[in-house]
Each structure stands twice: as C-alpha cells, then as structure tokens.
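Spelled out, the chains give:
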Amino acid sequence: MIDVVCAVIRDQDGKVLICKRPEGKALPGYWEFPGGKVELEEDFTVAIQREIREELACEIEVGMALPRVDHHYPEYSIRLWPFICDVCRGMPQAVEHSELRWVDLSQCDALKWAPADVPIYEALGSLVD
C-alpha cells in the first residue's frame, strides 16, 4: 500500500481546485486533487506542502483531514490521505498537470475523475450539506 497525500484547496467562494492528469502519466485526462506520494518517514503535512510546491508552485496552509481512502488499482494500491487546504502564498500554476480548474462541488459529478478521488469529493458534499 502506497501512502499518498492530496490537497483539497478552497478559494474564498467555496470552490475547490482540481487538476487534470497529463498525457504520459497514469490515468491521463482524469481529474484529481493535487498531491503525491509520501516519502519514507515523512510527516503528512510536510509531504502535502512539498507536493503542492512541486506541482502548483505555491504555498498552502494544511487544515482538517478528511476520511482516508484506500483504493486498489490493477497495478498497485494506494492509501490516500486528503486534507482541506488554503493557499497562503502564490497562485497555483499547472506545473505538472495539463489543466487546473476551480469548480463548485456540484460540477464534480460531470467530470472524469481518478477513481481514488471520487470518495473525496463525495465526502466534501456531505460537509457542506
């Protein structure tokens, strides 16, 4: 099981930032919350801040943890640790993704999501209902 962290980054209007996976990577064209693998003995907060600096070229403040998602792809399994986050410095840029988009949660069902990320936006919906 691979530990992976992801950031549910909110804006002041309640929209969340989603990222489209680029060609040449697993699940190209699928939407996801940004993040990545946790390095050996790395704290989850440190890992998500590092990943967001690398992927989006901005700094975040890490807030509340959401429920963990265990997902089994055919080639590997991940344990996804999502966190609610806010940008505290810079503006997110698509460094490692083909596209970034700010969306209302109501728009999420219409998008093609990486399967492990689906329970995350579903959990977010229950938080704002």
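Scroll up to find the structure.
Computed from a prediction, not measured in an experiment: that's the story for all the values here.

Reading the values: the criteria
Residues numbered from 1 in each chain as written. Predicted model: local features only at pLDDT ≥ 70, side-chain atom pairs only at ≥ 80, totals over all residues. Heavy atoms only, no water. Helix = DSSP H or I, 4+ residues; strand = E, 2+ residues; numbered from the N terminus. Buried < 20%, exposed > 50% of the residue type's maximum accessible area, 1.4 Å probe, protein only. Expected span 1.5 Å × (residues − 1). Contact = heavy atoms within 4.5 Å. Polar contact = N/O pair within 3.5 Å; in protein donor to acceptor, adjacent residues only side chain to side chain.

Colleague: Just to check I follow, could you spell out unusual backbone geometry for this structure?
Modeller: As a rule of thumb, non-glycine residues mostly have phi less than zero, and peptide bonds are mostly trans rather than cis. Positive phi, normally seen in glycine, also occurs at Leu27, with a value near 55°. With respect to the secondary-structure elements, Leu27 resides in the loop between strand S2 (16–20) and strand S3 (31–32). Judged by its relative accessible area of 24%, Leu27 falls in the partly exposed class. If you check the backbone angles, Glu41 has positive phi at about 65° while not being a glycine. Its place among the elements puts Glu41 in the loop between strand S4 (35–37) and helix H1 (44–56).

Colleague: I keep staring at H1 and nothing clicks. Help me out?
Modeller: At 3.6 residues per turn, the α-helix brings residues three or four places apart onto the same side. Over its 13 residues, H1 runs 17 Å from end to end, which matches the ideal 18 Å to within 8%, given 1.5 Å per residue. If you check which residues of H1 are buried, you get Ala47, Ile48, Arg50, Glu51, Ile52, Glu55 and Leu56. If you follow the buried residues of H1, they end up packed against strand S1 (2–10), S2, S4, strand S5 (59–65) and strand S8 (99–103). Two or three places before Thr45, at the start of H1, stands the capping residue Asp43, its side-chain oxygen 2.9 Å from that residue's backbone nitrogen. Trailing H1 by a residue or two, Ala57 shows a phi angle of about 55°, which is positive.

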